[in-house]
Amino acid sequence: MEKRGRGEEGEAVNFINTLKSDLLREPPEACQQMRTNEPDKFSMLQVLDHIDGAGWSLNPSCTTVYSVWRWLPELKWGMTLNQHREEVLGPIEGLRQITLLLILFYLPLFGILVRYQLRVLTRPIAGLVEAAESGTILEYPRAEVSEVNVLAIALQENEKRITKANQAKDEFLASMSHELRTPLTSIIGNSELLKNKTVDEETRSIIEAVERAGRGQLALVNDILDVSKLESGKFTIDKQPYDLSKLLNDLLLTFSPQAEDAGLLFSITQKNREERLLIGDEQRIMQILINLIGNGLKFTNQGGLQLTTWVEDNHLIYQVKDSGVGMPPAVLDKLFGRFEQADSSISRRFGGSGLGLYISQNLTMLMGGEITVSSEEGVGSLFTLRLPYQQSELPVKPLRQEKAAPVTDEPFSGHILVAEDTPELQLLERRILEGFGLTVTTANDGQEAVDLVKNNSFDAVIMDMQMPVMDGIEATKVIRASGNTIPIIALTANVMQKHRDAFDEAGCDCFLGKPINKNELLAVLKDCVNRG
């Protein structure tokens, strides 16, 4: 269709419009009215006004189309190119659908790829964290991610340094224990011998003071070793059936003389009468109670101390109540810290290292319990120990009421070889054993002990483990390798668990730590030699 219009100066212009349908040649009346009233919406009318442009507009039939219109002055023609909405959006819609299909297809693949990459990154990190937490960082293998390997190497080097430092600390503690226990054995042992042979009260009191000082130093050495084991995670709890009444009776026999000497009352009340043995680590429970009772007596000038037990909410309760100096609330929170005491004057007035309660609390937590404390200055303190209550199937045997067990009983007869390189301890051990009625032969080192066992008949060997020429462990292995089954008692100042394990592996039958406890020595000898 060709139309004519007017140019800039009113001259005639030509306008050609090609319609897809003849039906659109004569638009409805409303469309014609719109062309008259709103000419700016029609690209054909704009190009007649010499306006160039492009965009969505209306064609002569008032249909929305995408148009490009230009005025051609050379020809004095106006031209519009129209594309219907369906023709414009059709390819776009098709492209959109194709794009959507591609997204739906590739998105899972992309997710799988991302997940794989995350696993590649996170799995080595998770493995590294697990290895660090479980203590197996040195066995951690190389990963696919170089950054993780760098971190792993740093952690492994750090672990090696820590292991080396712990080994150095263990060796130092073992050496310190040996070097301190050896003279303490002589001090405490000879003090006991002198005390039993002395009649003069003044001389006896001096000897007892020396013995108390030695035992005080021994307690400090034991506390330091316990702290080391607790902090290295090497402290183990050995749960076995035990008699609660016997444990309490042992505490009564232990502390009654001390309380009596101090003019204090000491009593134990057992509210729970047990028909069966209980399950727990008797040695560690005793250690905690000895610390609590010992502290109570030490800080009490008048009145006394009472230990009470009962069962509550499936827990065994030990309550230690004293009428001592008491403590202000401000110090209770730090009471269970290492080297902590109520105030700086405590150590000057009463002595102590401040390790006892720290060790007691950690032992209690290892056994699944807790310690609480309340106190008032000038009134006293109340310590409450709560431990899991567990009965065994074993019945309790009747408890014989007895006084402190004697260090000697009826005499022995037998021949004991003592392998000990320290002359002072040789003499002490000889005196103790001969006091039991035994014959004693001494050896200065492990090689000499091996030769004596080979060429003589002994009822038992008391073997020091740290000696020159040949140590006790090697000597024990040589004796066992020869087929000799003579009882060998390891007597040593090296009391750490790794040393005990080494003695057992070498073939020792029993273990005794220095300083020598006569009751423990007697108990071992009863199983090794014959009575006279």
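Residues numbered from 1 in each chain as written. Predicted model: local features only at pLDDT ≥ 70, side-chain atom pairs only at ≥ 80, totals over all residues. Heavy atoms only, no water.

S.K.: Summarise the environment of I187; cite the residues concerned and give the values.
M.R.: Secondary-structure assignment places I187 in helix α4 (residues 146-197). In this structure the C-alpha to C-alpha distance between I187 and E424, which are 237 residues apart in sequence, comes to 9.8 Å. (Helix = DSSP H or I, 4+ residues; strand = E, 2+ residues; numbered from the N terminus.)

S.K.: So what about helix α13 (residues 472-481)? Which residues, and what values?
M.R.: Owing to its 3.6 residues per turn, the α-helix aligns residues three or four sequence positions apart on the same side. For α13, the complete set of buried residues consists of G472, A475, T476 and I479. Seen from one end, α13 has its buried residues packed into an arc of 100°, which puts them on one side. The first or second residue beyond α13 is G483, which carries a positive phi of 90°. (Buried < 20%, exposed > 50% of the residue type's maximum accessible area, 1.4 Å probe, protein only. Arc of directions from axis to C-beta.)

S.K.: Lay out the state of the cysteines in plain terms, naming residues and giving numbers.
M.R.: What we call a disulfide is simply a covalent bond connecting the sulfur atoms of a pair of cysteines. What the rule picks out here adds up to one disulfide. Here C31 pairs with C62 through a disulfide, and the sulfurs are 1.9 Å apart. Taking the sign of the S-S torsion, about 100° here, the bridge from C31 to C62 comes out right-handed. Separated by 31 residues along the polypeptide, C31 in helix α1 (residues 29-37) and C62 in the loop between β3 (53-58) and β4 (64-72) bring together distant segments of the chain. Residue C31 is classed as buried on the basis of its relative accessible area of 5%. With no disulfide of its own, C508 lies 9.1 Å from the sulfur of C510, the closest cysteine sulfur. (Disulfide = S-S within 2.5 Å.)

S.K.: Account for the pairing of strand β8 (residues 276-280), naming residues and giving values.
M.R.: The pairing of strand β6 (residues 240-242) with β8 spans three bridges and is antiparallel. Paired with P241 across the strands is I279, a residue of β8. Two elements, β8 and strand β13 (residues 391-395), share two bridges in a ladder whose sense is antiparallel. Note on β13: the bridge partner recorded for R276 is P395. (Pairing = 2+ DSSP bridges.)

S.K.: Could you give an account of unusual backbone geometry, naming the residues involved and the relevant values?
M.R.: P515 follows K514 through a cis peptide bond whose omega is -5°. With respect to the element layout, P515 can be found in the loop between β18 (510-513) and α15 (518-526). Of note, N314 is a non-glycine position whose phi angle comes to about 60°, a positive value. When you line up the elements, N314 lands in the loop between β9 (304-312) and β10 (315-322). The backbone phi angle of V469 is positive, close to 65°, even though this residue is not glycine. For V469, the position within the fold is in the loop between β16 (460-463) and α13.

S.K.: Please provide a residue-by-residue account of the packing of aromatic side chains, values included.
M.R.: With the rule as written, the count across this model stands at three aromatic pairs. A centroid spacing of 5.5 Å and a plane angle of 80° characterise the contact between W56 and Y66, whose relative ring orientation is edge-to-face. Taken together, the residues span a long stretch of sequence, with W56 in strand β3 and Y66 in strand β4 at a distance of 10 residues. A centroid spacing of 5.8 Å and a plane angle of 20° characterise the contact between F503 and F511, whose relative ring orientation is stacked. Residue F511 is classed as partly exposed on the basis of its relative accessible area, which comes to 22%. Across the ring face of W310, the terminal group of K271 is positioned such that the distance to the ring centre comes to 5.4 Å. (Phe/Tyr/Trp six-rings, centres within 6.5 Å; stacked < 30°, edge-to-face > 60°. Lys NZ or Arg CZ within 6 Å of the ring centre and 35° of its normal.)

S.K.: Run through the sheet that holds β9, naming residues and quoting values.
M.R.: Reading across the sheet, the five strands line up as β7-β9-β10-β12-β11 and stay open at both edges, with mixed pairing between neighbours. The sheet is open, and its two edges are formed by β7 (265-270) and β11 (370-376), each paired on a single side. When strand polarity is set aside, the average angle formed by the axes of neighbouring strands in this sheet is 15°. Across six bridges, β7 lies against β9 in parallel orientation. Within β9, the residue paired with T269 across the bridge is T308. (Axes fitted to C-alpha atoms, helices over the stretch in contact; angles between N-to-C directions.)

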